[in-house]
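Structural overview
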Amino acid sequence: MRLGESAGVKQKLLIIVLALQVMAAGSVGDGWWSAYFTVPAGNPGARGTPERGLVMLIDGAADHVYGAFYQITSPGVAGALCRARARGVDVKIVTESETFAKKESCAGRFRDAGIETVCDQSRGLMHNKFAVVDGRMVWTGSYNPTTRGSGFHDENAILLQSPELAAIYTDEFMEMFRGGVFGNRSEPGPFAGLLNRHHVRIGESDINVYFSPEDDVERIILGRLRKARSSIHFMAYSFTSESIGEMMIRKHREGVAVMGVFERRGAKAPHGEYMKMKIEGVPVRLDRNRHAMHHKVIIIDRRRVITGSYNFSRNAARNNDENILVIDNHRIAAAYLSEFSRLYR
């Protein structure tokens, strides 16, 4: 075996070990995926929490970590990124300029560690919370790696092992990091829309990934809701989209079991969908976490999960840089339904 081949084999073995270690740390998983949920007011570093999972993922990185995070203040996650850079891993970060300028940000630590960082300067927010590790692992969800996100908010994250999915997220990351393109409403070129990749298949599971605003995510969500046959469960930090709200009310009238949990703050505002649903008799409740319920999740027919950074709002649809996954998998749906049940009770 030549030297280059030996190095390649070692690299693959490291990736396999990393995958097994990280998947084993998750609260729920099945070989190629693992779902993580916070334990508000508990131990943010406990087994199965997003902070623990993300730290382990970064600590196991062998080649690169590309992270697009709205805000990073978690000492644990920042430390893992700095350790990765110190051992020669290519660490690149995209973040939001408003949060990176705050005194509690990790700007100083990243600069001292030599971590390349690009900040969004556009009108909207760089609101993503995703990472790509070693070209094989994708991490995304609602979880901001912050002190409050780790220890006080209701959050979720999912880790998926798929080179095809990683390639899609890497392209989006490099569009921001190298191209400085944030919040673009359309891809350049006359055939860009046809060339975009959205779908991957892992085993028997179909997974679609979309980015906002360019992929018109609200339209995608409406299309999935329209196909609901038996149930719709949702957890929403910010829910001001009239179109999505009206579609859920319509499905409720058609006999589909629609249930939801809203973040308490702002839910009763005139532009929110909470009071409209209450009036229509949809069984929705306000979250009881005195800090924040930060999920942006819809579960359809107990088999399809929509999750990511995308709030059901005008800003998410038109201005912010966001991402969502649409995952068809009964076991993943069951994991998210368990979180829904905990909050709804």
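What comes next concerns the included structure. (Residues numbered from 1 in each chain as written. Predicted model: local features only at pLDDT ≥ 70, side-chain atom pairs only at ≥ 80, totals over all residues. Heavy atoms only, no water.)

Right, let's talk about the packing of aromatic side chains for a bit. One pair of aromatic rings is described through two measures. These are the centre distance and the angle between the planes. If you walk through the whole model with that rule in mind, you get 13 aromatic pairs. Ring centres of Tyr169 and Phe211 lie 5.4 Å apart, and the angle between their planes is 75°; on these two criteria the pair is classed as edge-to-face. Of the two residues, Tyr169 is situated in helix α7 (residues 163-177) and Phe211 in strand β10 (residues 205-212); the sequence distance between them amounts to 42 residues. There is no split in this pair, since Tyr169 and Phe211 are both buried. Site record: aromatic cluster; members linked through ring pairs are Phe234, Phe239, Phe262, Tyr274 and Phe312. (Phe/Tyr/Trp six-rings, centres within 6.5 Å; stacked < 30°, edge-to-face > 60°. Helix = DSSP H or I, 4+ residues; strand = E, 2+ residues; numbered from the N terminus. Buried < 20%, exposed > 50% of the residue type's maximum accessible area, 1.4 Å probe, protein only.)

Bringing the layout of surface pockets into the picture now. The probe, sized like a water molecule, is rolled over the atoms to show the empty space still left. Roughly 590 Å³ of internal volume is contained in the largest pocket. Along its surface, the largest pocket is lined by 30 residues, and Tyr70, His127, Asn144, Tyr237 and His294 are the ones closest to its centre. Secondary structure elements with two or more residues in the lining of the largest pocket: α6 (147-151) and α12 (314-318). (1 Å grid on protein atoms, 1.4 Å probe; cavity = no way out; pocket = protein on both sides within 12 Å on 5 of 7 lines; lining within 4 Å. Points joined across faces, edges and corners; volume = space filled by probe spheres on them.)

With an omega of 5°, the peptide bond running from Ser212 to Pro213 counts as cis. With respect to the secondary-structure elements, Pro213 resides in the loop between β10 and α9 (217-226). Phi at Arg302 takes a positive value of approximately 60°, unusual for a residue other than glycine. With respect to the secondary-structure elements, Arg302 resides in the loop between β14 (296-300) and β15 (304-308).

Evaluation of the coordinates by the stated rule reveals one cavity of 30 Å³ or more. Empty space within the largest cavity amounts to approximately 30 Å³. Lining the largest cavity are Gln71, Ile72, Thr95, Thr99, Phe100 and Ser105. A breakdown of the residues in the lining of the largest cavity according to their chemical character gives two nonpolar, four polar and no charged. (Nonpolar A, V, L, I, M, F, W, Y, C, P; charged D, E, K, R; others polar.)

Before going further, it helps to spend a moment on the sheet that holds strand β9 (residues 199-202). With mixed pairing, eight strands are arranged side by side in an open sheet as β9-β10-β16-β15-β14-β11-β12-β13. Looking at strand neighbours, the two that pair on one side only are β9 and β13 (284-286), the edges of this open sheet. Taking each pair of neighbouring strands and ignoring which way they run, the sheet shows an average axis angle of 15°. Relative to strand β16 (residues 322-328), β10 runs antiparallel, the two sharing seven bridges. When the bridges of β16 are listed, Ile207 appears paired with Ile327. Along the sheet face, α7 touches β9, β10 and β16 and points at about 0° away from the line of β10. (Pairing = 2+ DSSP bridges. Axes fitted to C-alpha atoms, helices over the stretch in contact; angles between N-to-C directions. Contact = heavy atoms within 4.5 Å.)

From the geometry alone we can't say anything about function, so treat these as descriptive.
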